[in-house]
Amino acid sequence: MELWLGSSSHYMLPRKRQVGGEVVVQEDGEPNLADESPIKKLCTDDSKGTECNSGNINSSSSSSSKDKLPIMAMGNNGNSGDIDEDLHSRQLAVYGRETMRRLFASNILVSGMQGLGAEIAKNLVLAGVKSVTLHDEGVVQLWDLSGNFFFSEEDIGKNRALACVQKLQELNNAVLISTLTTQLTKEKLSDFQAVVFTDISLDKAIEFDDYCHNHQPPISFIKSEVRGLFGSVFCDFGPEFTVLDVDGEDPHTGIVASISNDNPAMISCVDDERLEFEDGDLVLFTEVHGMTELNDGKPRKIKNARPYSFTIEEDTTNYGAYEKGGIVTQVKQPKVLKFKPLREAVKEPGDFLLIDFSKFDRPPLLHLAFQALDKFISELGRFPVAGSEDDATKFISLVTSINDSSADGKLEEIDQKILCQFAFGARAVLNPMAAMFGGIVGQEVVKACSAKFHPLFQFFYFDSVESLPTEASDPSDLKSLNSRYDAQISVFGAKLQKKLEESKVFTVGSGALGCEFLKNLALMGVACGQNGKLTITDDDVIEKSNLSRQFLFRDWNIGQAKSTVAATAAAQINSRFNIEALQNRASPESENVFDDTFWENLDVVINALDNVNARLYIDQRCLYFQKPLLESGTLGAKCNTQMVIPHLTENYGASSDPPEKQAPMCTVHSFPHNIDHCLTWARSEFEGLLEKVPAEVNAYLTNPSEYTMAMKNAGDAQARNNLESVIECLDKGRCETFQDCITWARLKFEDYFSNRVKQLTYTFPEDATTSSGTPFWSAPKRFPLPLVFSVDDLSHLQFILASSILRAETFNIAIPDWVKSTQKFAEAVNNVMVPEFQPKKDVKIVTDEKATNILPASIDDAAVINELVMKLEKCKEQLPPGFKMNPIQFEKDDDTNYHMDVIAGFANMRARNYGIPEVDKLKAKFIAGRIIPAIATSTALATGLVCLELYKVLAGGHKIEDYRNTFANLALPLFSMAEPVPPKVIKHQDMSWTVWDRWIIKDNPTLKQLLNWLKEKGLNAYSISYGSCLLYNSMFPKHRERMDKHMVDLARDVTKAELPPFRNHFDVVVACEDDEDNDIDIPQISIYFK
């Protein structure tokens, strides 16, 4: 037999799915799906949620021969099929494998390839469905260029679907893309699991939906429109559609602390974390000692849910008395939805999804408006003309007529201003609206194909009329200029278009959000004028995992700078885009690049960042220079947007989320009770053994005297531990052959998973009690059992092999060919002499949850360090000349490097010690690699919403009530929009200021002049500081000698440093009090000296 050294790729298969060929386009309008029979639909049998004829789900069989040992994570890895986990890792973190497999089996039709259709198709191709068929009978017009990023001037006159197909295919070669360019028949819909229509008459939509609704199995039907600043979605997934997972969240769990013998039974849980259960939830009990009757696997319904307790509808009076233990886990229930066909739903729409409480009466009006627009087009054969009062009057009369004929739900009042705005922009497909609805509809298609997440039920309406300029546009300003922006001009007018083109924008970040923003801004014409400019910066390079969301990047861009590639791609969308790409991280260190002049010239800043610290820094710069900041972020199916507008809203840093709860160090190291604890420990051990210790060795060998002196000067437990680790690595743990690496790995297994557990349970036996007499091993602690190593246990052998390979890498030892033989490798492992372990008395094990260091301090640390230094010098003498180690930095996204194999092995062996459920390597990668779940749909939604706000920012004159902050969760679905929070106002005498204010003093004042300037405002300054340096304090008599010094000279003298040459001012923080000695928090003061 042979060991297979290809890491775990056999199980993970990190490669793209094979397709039958390239883009297939047939002029007769029939798609050629590579001669494959159409995949049958995912269907539901009543409420069972089972798959029906799911046929070709592309799951590859596991062909591992018996003589090969795949190097993979321990735990139930399952068969991953042929999911390219390198590409889809962030999406897998949202959907999971089963949903991805269903997506891979889905054929989708997207009809109507204007801006909305293009956005939907883009999101589906990135998600990785099996095939997307594009249908459009129309040709590209100049008008379309403001909405569809696939189109260019060269495409004008071509069929819209044909013009999109090649660029769409570049996004994912594993998705088969075909076109239909002739009239669509309803029978053709049977080839698809889901069909989406973005430009279809109501009558035709009803005809197609009837066919889909009654088809067996039903075909999911989605109709969506974007008309100016108004949009709609309608979903019909059939008479009975079973949602298998309504929210996508992991089942909630709790650790049982006590159970009463009562009717109903009261269950109390440990107060480690609040319970997330709700009344009516079903839960399962496991691992309950004493009251074992609850371990029967029967779901039980919760009542009276509280933060740390609940009751169950069960009489436990005669059950065994609860002793200890117990895990309670939520059982997620499928949900059956009964959709009405469009024919009925138009007349009886039911409840609308409310997204903005300031517009609670808007959805019923828009329900009428979209029907009236359909009637207008059918009667006149065209859209209403922008600015035409006659067309608006005609349109309003149609709305009134439909409303008057409504049997139920007739509106008492009709807002004619809203309807007029609807009519004027009805022909335009605006890119921000297309991006937003492309994200929403794309997610609905995923729901239809996978039964993951709760669908829209059934109508969704949205408008952003607040994005319009505050001053009404003259009809002449809305007229076509024969430009690519004509659609946008028909809504906003040529004046605002000019402002967009001449704007100066700073976009920070060029990842998923950044790519979407650049596409949107290019289509909107932002920074596309003679004086306009967009600067984008990102210090990151492109990785394969980026390609499933960051759609401006291609396979051949991997390893290149994100900002450069994205800027080049955006300029191809709009050749007039004036964009400069930089690779600087926006931070204090780059303020010579992003200097005062740069910031002062900006009109707006758009964040596209992925971490809070960077956001806070940009927020502070925007506060300082009083620039609008448009903020957004995503997490899986969730997204949020925040508008930070000078003097109108609070800044980003004014509020923050509570910090993530960290497990106590003693829990992670000795008392884990969930897999997260095991993986946190595993990554820590990986970095310690394979990165930090080899780096310490190199630091010592580079300069032995300096290193040992530093350890002696520190003289603490950490220094002692560093020296002990280096000595162990260069003495007993030093490896010269691969057999040495196997020995090291085998002994580490024994140490971690047997000896340490034996010591722990010797120090704290199972019947141990605390000082208060309570059992030591009470929840949430779990009593561990040592592992007995066996070469017959595949997971044991895999851990030894992966660990040996990485140990060899740190010592630059080649892997011999004989390792490929399972028999020879097992013999090599069995040849390792494992010394017998005897637990020791008086071993200190940290149990204090507040402890921040597990290294016990000792009064003789300094003496021990001196001995260790001498021992280390002897080890050094035994090393060959020029010896250096190779520290390994953890890299989660390379499945061939064994990093995740070792970490998952560490975690799962430890989980096995403590009876914690193990995880596969993918799940381990998500947790240990701290992978942020991400999908293209929520990114598109967030950027569309932000760009709708950008219109307001660049137009100017909008009030705080015109702006919107948004939180959305596409899984539920939930949309919550509200106006931003205003900044806190501080008042003093007849003055007031907010965090946005900065007091400016010019002409390089002296200290005395500054103090007098403040005195005139009724403020007595008692302390003035510049950075960390104190320039003045009224308590120090010597500081009065500084009164006549100019502030800039004083700053130079005190700091003993020159101010940066690119600075023409510096900032001081002044502590003041009023005449009654009350402290007054005043704005930062900027002193200009140039």
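**Observations concerning the packing of helix α18 (residues 675-702) against helix α25 (residues 899-913)**
- The geometry of α18 relative to α25 is characterised by a closest axis approach of 8 Å and an angle of 130° between their N-to-C directions. On the basis of the axis angle, α18 is oblique to α25. α25 is crossed by α18, and the crossing has right-handed handedness. Together, I675, C678, L679, W681, A682, R683, E685, F686 and L689 of α18 and H899, V902, I903, F906, A907, N908, R910 and A911 of α25 make up the contact between the two elements.

**Remarks on the packing of aromatic side chains**
- Counted by the stated rule, this structure contains 53 aromatic pairs.
- Arranged with centres 5.0 Å apart and planes meeting at 35°, the rings of F506 and F594 form a pair that is tilted. Note that F506 is positioned in strand β16 (residues 504-508) and F594 in the loop between β18 (579-582) and α15 (596-600), a separation of 88 residues in sequence. Just as F506 is buried, F594 falls in that class too.
- Ring centres 6.0 Å apart and planes at 45° place the aromatic pair Y752 and F753 in the tilted group.

**Some remarks on the sheet that holds strand β11 (residues 300-303)**
- If you trace the six strands once around the closed barrel, you get β8-β9-β12-β11-β10-β13, paired in antiparallel fashion. For this sheet, the mean angle separating the axes of adjacent strands, direction not counted, is 45°.
- Note: β11 against strand β12 (residues 309-312), two bridges, orientation antiparallel. In the sheet register, I302 faces β12, and the bridge partner there is I312.

**Brief notes about the environment of L294**
- With respect to the helices, strands and loops of the structure, L294 is situated in the loop between β10 (282-286) and β11.
- For the pair L294 and I645, spaced 351 residues apart in sequence, the C-alpha to C-alpha distance is 56 Å.
- The contacts of L294, once residues within four sequence positions are left out, are I259, F285, R300, I312, E314 and Y319.

**Brief notes about the sheet that holds strand β15 (residues 459-463)**
- The strand order across the open sheet formed by seven strands is β3-β2-β1-β4-β5-β6-β15, and the pairing between neighbours is mixed. Only two strands of the sheet have a single partner each, and these edge strands are β3 (176-180) and β15. Between one strand and the next, the sheet's axes are offset by a mean angle of 15°, whatever the strand orientation.
- Where strand β4 (residues 194-197) and strand β5 (residues 220-227) come together, four bridges link them in parallel fashion. Residue A194 lies in a different strand from β5, and its bridge partner there is S220.
- Set on the sheet, helix α5 (residues 202-214) makes contact with β4, β5 and β6 (230-236); between it and β5 the angle comes to about 155°.

**Overview of a negative patch on the surface**
- A contiguous patch of negative charge on the surface is contributed by E273, E276, E278 and D279.
- Here E273 lies in the loop between β9 (265-269) and β10.
- The class of E273 is exposed, set by a relative accessible area of 53%.

**A closer look at the confidence of the model for the protein chain**
- Considering every residue of the protein chain, the mean pLDDT works out to 90; 92% of them sit at 70 or more.
- Contacts of residues 70-80 to residues separated by more than four positions or lying in other chains number 53 contacts, the stretch itself having pLDDT below 50.

**Notes on the nonpolar core**
- With 177 residues, the main nonpolar core has L134, F395 and F462 as its most contacted residues.
- For this core, the leading source of residues is helix α27 (residues 936-955), giving twelve residues.
- Among residues more than four places away in sequence, those in contact with L134 are V110, M113, A121, A161, C164, V165, L168, I177, S178, T179 and L180.
- The next biggest cluster of nonpolar side chains, apart from the first, holds 80 residues, and it includes W681, Y707, L797 and I813.

**Remarks on helix α7 (residues 362-380)**
- Over its 19 residues, α7 runs 26 Å from end to end, which matches the ideal 27 Å to within 8%, given 1.5 Å per residue.
- Backbone geometry just downstream of α7 places G381 in the positive-phi region, at approximately 70°.

**Re the pairing of strand β19 (residues 604-607)**
- Residues V604 and I606 of β19 are buried on one face, and the alternating residues V605 and N607, pointing to the opposite face, are buried as well.
- Summarising the sheet, β19 and strand β20 (residues 629-635) pair through two bridges and their orientation is parallel. Paired with V605 across the bridge in β20 is L629.
- Chirality of the crossover, the property in question, places the unit of β19, helix α16 (residues 612-625) and β20 among those that are right-handed.

**Details of the pattern of salt bridges**
- Under the definition given, this model contains 62 salt bridges.
- Residue K204 is joined to E207 by a salt bridge in which the shortest nitrogen-to-oxygen separation is 3.3 Å. With K204 and E207 both in helix α5 and three residues apart, this pair spans about one turn of that helix.
- Judged by relative accessible area, which is 26%, K204 ranks as partly exposed.
- Residue E207 is classed as partly exposed on the basis of its relative accessible area, which comes to 30%.
- Its salt-bridge partner being R964, residue D356 comes within 2.7 Å of it at the nearest N-O pair. Here R964 lies in the loop between α27 and β22 (965-969) and D356 lies in the loop between α6 (342-345) and α7, a separation of 608 residues in the sequence. Like R964, D356 is buried.

**Thoughts on the environment of H213**
- Examined against the element boundaries, H213 turns out to sit in helix α5.
- The exposure class of H213 is buried, given its relative accessible area of 10%.
- Along the primary structure H213 and N1004 are separated by 791 residues, whereas in three dimensions their C-alpha atoms are 76 Å apart.
- Contacts of H213, omitting those with residues within four sequence positions, involve P218, D236, G238, P239, F339, K340 and P341.

**Remarks on the packing of helix α21 (residues 738-763) against α25**
- Following both chains from N to C, one finds α21 and α25 inclined at 20°, their axes separated by 11 Å at the closest point. The angle between the axes of α21 and α25 places the two elements in the roughly parallel class. In this structure, α21 crosses over α25, and the sense of that crossing is right-handed. Within the contact between the two elements, α21 uses F749, Y752, F753 and V757 and α25 uses F906, M909, R910 and N913.

**So, helix α12 (residues 494-501)**
- By the burial criterion, the buried members of α12 are L496, Q497, L500 and E501. Summarising the axial view, the buried residues of α12 lie within an arc of 140°, below the 170-degree limit, and thus occupy one face. Exposed residues on α12 whose side chains face more than 90 degrees from its buried face are K495 and K498.
- Contact partners of the buried residues in α12: α11 (486-492), α13 (512-524) and α27.

**Some words on a nonpolar patch on the surface**
- Taken together, the side chains of L354, F357 and F360 define a hydrophobic patch exposed on the protein surface, amounting to about 370 Å² of accessible area.
- Considering the arrangement of structural elements, one finds F360 in the loop between α6 and α7.

**Notes on unusual backbone geometry**
- Cis geometry is found at the peptide bond from Q216 to P217, where omega equals -5°.
- Here P217 is to be found in the loop between α5 and β5.
- Note the cis peptide between A779 and P780, where omega equals 10°.
- With respect to the helices and strands, P780 occurs in the loop between α21 and α22 (794-810).
- Phi at F453 is positive, roughly 80°, even though this residue is not glycine.
- Its place among the elements puts F453 in the loop between α10 (431-450) and β15.
- Residue F453 is classed as buried on the basis of its relative accessible area, which comes to 2%.

Calculation notes
Residues numbered from 1 in each chain as written. Predicted model: local features only at pLDDT ≥ 70, side-chain atom pairs only at ≥ 80, totals over all residues. Heavy atoms only, no water. Axes fitted to C-alpha atoms, helices over the stretch in contact; angles between N-to-C directions. Helix = DSSP H or I, 4+ residues; strand = E, 2+ residues; numbered from the N terminus. Parallel < 35°, antiparallel > 145°, perpendicular 65-115°, else oblique. Left-handed = near helix turned anticlockwise from the far one by under 90°. Contact = heavy atoms within 4.5 Å. Phe/Tyr/Trp six-rings, centres within 6.5 Å; stacked < 30°, edge-to-face > 60°. Buried < 20%, exposed > 50% of the residue type's maximum accessible area, 1.4 Å probe, protein only. Pairing = 2+ DSSP bridges. Patch = residues over 30% accessible without salt bridge, like charges linked within 9 Å, V, L, I, M, F, W, Y side chains within 5 Å. Areas by Shrake-Rupley, 256 points an atom, 1.4 Å probe, with all protein chains shown as cover. Salt bridge = Lys/Arg side-chain N within 4 Å of Asp/Glu carboxyl O. Lys, Arg positive; Asp, Glu negative; His and termini not counted. Charge placed at Lys NZ, Arg CZ, Asp CG, Glu CD. pLDDT = per-residue confidence, 0-100. Core = buried A, V, L, I, M, F, W, Y, C linked by side-chain atoms within 4.5 Å. Expected span 1.5 Å × (residues − 1). Right-handed = clockwise from strand over helix to strand, strands pointing away. Arc of directions from axis to C-beta.

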